[in-house]
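Observations on the three-dimensional arrangement
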Amino acid sequence: MTGITPSRRPATSPTNINMARILLVDDDTDFTSATQTLLRAEQHDVSTVGTVAEASGALRREAFDMLFVDLSLPDGSGLELIKDDGPKAVIITGHPSIESAIRAVRGRVVDYLVKPLDKNQLIRSIESAAVDKPSRRIPSIDAIRPANMIGESAAMKSLIKSIAEYGPTDVTILITGESGTGKDLVAQALHNACNTDAKFVPVNCGAIPRELVASELFGHEKGSFTGAGAKRVGIFERARNGTVFLDEIGELPLDQQVTLLRVLETGSMVRVGGEKEIPMTARIIAATNKDLEKEVSEGKFREDLFFRLMVLPIHVAPLREREGDIPLLANYFLEMYAREHGTPSQFSPRVLTKLESYHWPGNIRELKHTVLRAAILNRGKDKVDALPDNFDRPPKWADDAQGLRAGMSIKDVEKTLIEKTLEHFDGNKKLTAEALGISLKTLYNRLCEYEEDRV
Amino acid sequence: MPLSESEKGQLKEALHKMNNALNSISMQAELAKMYAEQNNNAMIGEALGIIMSQCRQCSAITQSTHALLLEG
């Protein structure tokens, strides 16, 4: 490639997604010429170049809506071409690496494609680039913000802005954040921003028994395995044109990660025991409180799926970083309980100060439970002027060895720990599992075992 | 006998080239499939679909081999 191969079409409006102006940067001319023809057939205006230098020149001279760029070019890395004030970019690479992906997603990258590409992938990436186009209707923050998404902090405003920008697209989104920060609310808000009547289908990947994951997600045909007495439509099919929210994506078994990746890349799926390809029309939003990059390096999470999900990452800040939001949230929960249970609807200033000064490692969920306990504790009073004992200290179960003694079996120690933790969280199994660092499924299994032992 | 760093580098380069070739074949097949569909030639379209699918499988092999080299 010795220079720019211009489009034969006139320049198109950058606001029309049907006629995006694209610069394709790759030194393989067989690939670029075929891709150019394919995308032109889809009414896109495509120019091609083969080097970083040629691409830099083209970007200086002309305005492009988006850039498809190979990472490995004869005179350098395609990453050099991705600028904050440049066109949106899609990275193309032969072999994914964490370093390049992480560096890339920090720029204006809307997608990350691994060779060999196919036409549908390219088209979906072009659609992804429409996220911040002016012609795209971005709903007002008030219109998409759920009533229970409370907060006026800078972190919260930034989060709401991301929801307004990313929501009305069908791009895969990964929500990260500590446990209890409200990632599920963010997912729901992203779905609401689509202004659609289609379903929002949440699924907790950690709560599905391993052997049933594929059937739950993708469905199964009658007789496909023992117990499959009838055809079952999976979550992805049920969410037709809507959103599948894969909570705790880090808990998805490795073999099912492969299947999910295939679905994301091909846009179609096959029911367990079936042969027919079924189009996947739902948008995927995933969430995790795990450090997925670390999980990848430890071989617990697939690198290629990680890249796929990282197309548009959204981080939900912990409560301790949301300055000014604690009183707003605390008052919101208190008023809610007052309406439901007739408890006090106001805090004394001293109590509010105490709540504000605590660092809330369990985030909003912990605050909510503390407010509930405080509301009940102060029932019959005008105001909440006392908080539960030790609310701001490490939980009793964490450092209390009562009930444990030398000579106990590991199994009994585990049982005691689970029961104490469950008691601490007022029987809330999800919180208990999170605190213990086990999946909800494991917790249920243990509780069933204890129940069987008891009987 | 374990591979030397130089040999690993050569293998990685070969895999990279192979993957680029697969990408090119796959995209040319996409293009041909589009032409086949425009001419209502479903059989050729189907055959090209198989070529594309096989390219993806070959590419998966090059990628896993590449990953093995990185680990080893």
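Residues numbered from 1 in each chain as written. Chains lettered and ligands numbered in written order. Predicted model: local features only at pLDDT ≥ 70, side-chain atom pairs only at ≥ 80, totals over all residues.

Before going further, it helps to spend a moment on the pairing of strand 13 (residues 283–288) of chain A. Residue and element names in this part refer to chain A. Summarising burial for strand 13: 6 of the 6 residues are buried, a large majority. By the alternation rule, side chains of strand 13 split into R283, I285 and A287 and I284, A286 and T288, which are all buried. Inspection of the sheet shows strand 8 (residues 173–177) paired to strand 13 by 4 bridges, in the parallel sense. When the sheet's bridge partners are listed, T176 is paired in strand 13 with T288. In the sheet, strand 10 (residues 243–247) pairs with strand 13 via 4 bridges, with the strands oriented parallel. Bridge pairing in strand 13 links T243 to R283. (Buried ≥ 20, exposed ≤ 12 C-beta atoms within 10 Å, placed from the backbone. Helix = DSSP H or I, 4+ residues; strand = E, 2+ residues; numbered from the N terminus. Pairing = 2+ DSSP bridges.)

Residue and element names in this part refer to chain A. Strand order in the open sheet made by the 5 strands is 9-10-13-8-14, with parallel pairing throughout. What marks the edges here is a single partner per strand, and that holds for strand 9 (200–204) and strand 14 (312–316). Direction aside, the axes of adjacent strands within the sheet are offset by 20° on average. In the sheet, strand 9 pairs with strand 10 via 5 bridges, with the strands oriented parallel. Paired with F200 across the bridge in strand 10 is T243. Sheet strands in contact with helix 7 (residues 183–192) are strand 8, strand 9, strand 10, strand 13 and strand 14, and its direction is about 155° off that of strand 8. (Axes fitted to C-alpha atoms, helices over the stretch in contact; angles between N-to-C directions. Contact = placed C-beta atoms within 7 Å.)

The interhelical angle for the contact between helix 1 (residues 29–41) of chain A and helix 1 (residues 5–38) of chain B, taken along N-to-C directions, is 30°, at an axis separation of 8 Å. Between helix 1 of chain A and helix 1 of chain B, the angle is such that the two are roughly parallel. For the element pair helix 1 of chain A and helix 1 of chain B, the recorded crossing hand is left-handed. Across from D30, F31, A34, T35, T37, L38 and A41 of chain A in helix 1 of chain A, the residues of helix 1 of chain B making contact are N23, S24, M27, Q28, E30, L31 and M34 of chain B. Looking at side-chain class alone, the contact of helix 1 of chain A with helix 1 of chain B contains 7 nonpolar, 5 polar and 2 charged residues. (Parallel < 35°, antiparallel > 145°, perpendicular 65-115°, else oblique. Left-handed = near helix turned anticlockwise from the far one by under 90°. Nonpolar A, V, L, I, M, F, W, Y, C, P; charged D, E, K, R; others polar.)

Let us now look at the confidence of the model for chain A. Residue and element names in this part refer to chain A. Mean pLDDT over chain A works out to 81, with 85% of the residues at or above the 70 mark. Scored below 50 in pLDDT, residues 6–17 shows 21 contacts in the model against residues more than four places distant or in partner chains. Contacts of residues 396–400 to residues separated by more than four positions or lying in other chains number 6 contacts, the stretch itself having pLDDT below 50. (pLDDT = per-residue confidence, 0-100.)

With that settled, consider helix 1 of chain A. Relative to the 18 Å expected for 13 residues at 1.5 Å per residue, helix 1 of chain A spans 18 Å between its end C-alpha atoms, a close match to the ideal helical length. Along helix 1 of chain A, the residues that are buried comprise F31, T32, A34, T35, Q36, L38 and L39 of chain A. The inward-facing, buried residues of helix 1 of chain A contact strand 1 (21–25), strand 2 (45–49) and helix 4 (119–128) of chain A together with helix 1 of chain B. In the stretch just after helix 1 of chain A, Q43 of chain A is the one whose phi turns positive, near 70°. (Expected span 1.5 Å × (residues − 1).)

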